[in-house]
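What follows is each chain in one-letter form.
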Amino acid sequence: MKFVGINWQLILAAGCAALLLGACEGIFTGTSAETIPLEPDAGGGFKPVAIKLTTEMSPVSLNFRAELGNNPHEMGKWNAYRASLSRGGQTVASRNFNVNYTGTVDLPPANPDQVMTMLVHPVGESGEYRLSIEPLRAAEVALQNPRVEVRRNVQLPQQQ
């Protein structure tokens, strides 16, 4: 479609890119404050980790990072988790997230390093927080080098 002086394909492509990047504030904005290795637990999740957060860091993003291997038998499979952030035994934020195998039988994952935002949280009180990542179903995708990235001063999504 072409109207005089307007390139609709370019406008459409720019709009799609804006939508994709609009959901990634927790990954691309702010600055990386800390990366914490995750240790698997017997239940299929990860052992809880302690994270020191301050009000000066607010809002923070807690991102899950891991590498996928070249495992074509995992095509179409995923792991489901619930991330919960607590302080003093009280949950202050929680959210479910999935880790998908992105390869196919013919091609390994284009980007074997998976990263996704688990939580974005405005820090109201400085102190030690506890992050728990529990499975919501049996794991189907093998993950290597799982870790949590803490990003400080991230931009919050624009309200429409």
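See the structure above.
My aim in this report is to walk through the structure given alongside it, one point at a time. (Residues numbered from 1 in each chain as written. Predicted model: local features only at pLDDT ≥ 70, side-chain atom pairs only at ≥ 80, totals over all residues. Heavy atoms only, no water.)

Topic: the side chain of serine 61
One can find serine 61 in strand 5 (residues 60-68). The buried category is assigned to serine 61, whose relative accessible area is 0%. Side-chain polar atoms of serine 61 contact the side chain of asparagine 63, separated by 2.8 Å. (Helix = DSSP H or I, 4+ residues; strand = E, 2+ residues; numbered from the N terminus. Buried < 20%, exposed > 50% of the residue type's maximum accessible area, 1.4 Å probe, protein only. Polar contact = N/O pair within 3.5 Å; in protein donor to acceptor, adjacent residues only side chain to side chain.)

Topic: the pattern of salt bridges
Within the structure shown, the criterion is met by eight salt bridges. The partner of glutamate 39 in a salt bridge is lysine 47, with the nearest N and O atoms 3.0 Å apart. The partner of aspartate 113 in a salt bridge is arginine 147, with the nearest N and O atoms 3.4 Å apart. Note that aspartate 113 is positioned in strand 8 (residues 113-121) and arginine 147 in strand 10 (residues 143-152), a separation of 34 residues in sequence. Looking at aspartate 113, the relative accessible area reads 25%, which means it is partly exposed. The exposure class of arginine 147 is buried, given its relative accessible area of 13%. Shared partners join several salt bridges into a network, and the residues in it are Arg65, Glu67, Asp113, Arg147, Glu149 and Arg151. (Salt bridge = Lys/Arg side-chain N within 4 Å of Asp/Glu carboxyl O.)

Side note on the nonpolar core
One finds Leu53, Phe64, Phe97, Met118, Leu131, Ile133 and Leu143 to be the most contacted residues of the largest nonpolar core, which totals 30 residues. Broken down by secondary-structure element, the contributors of at least two residues to this core are strand 4 (46-53), strand 5, strand 6 (78-87), strand 7 (90-100), strand 8, strand 9 (127-135) and strand 10. The element contributing the most residues to this core is strand 5, with five residues. (Core = buried A, V, L, I, M, F, W, Y, C linked by side-chain atoms within 4.5 Å.)

Examining the sheet that holds strand 5
If you trace the four strands from one edge of the open sheet to the other, you get 3-10-5-8, paired in antiparallel fashion. Single-partner strands in this sheet number two, and they are strand 3 (31-37) and strand 8. In this sheet, adjacent strand axes meet at a mean angle of 25 degrees when their direction is disregarded. Across eight bridges, strand 5 lies against strand 8 in antiparallel orientation. Considered in strand 8, the bridge of arginine 65 is made with valine 115. (Pairing = 2+ DSSP bridges. Axes fitted to C-alpha atoms, helices over the stretch in contact; angles between N-to-C directions.)

Section: the sheet that holds strand 4
Spatially, four strands are ordered 4-9-6-7 in an open sheet, and the strand pairing comes out antiparallel. Both edges of this open sheet fall to strand 4 and strand 7, since each of them pairs with a single strand only. Ignoring which end each strand starts from, the neighbouring axes of this sheet average 20 degrees apart. Note: strand 6 against strand 9, six bridges, orientation antiparallel. Of the residues in strand 9, the one forming a bridge with alanine 83 is isoleucine 133.

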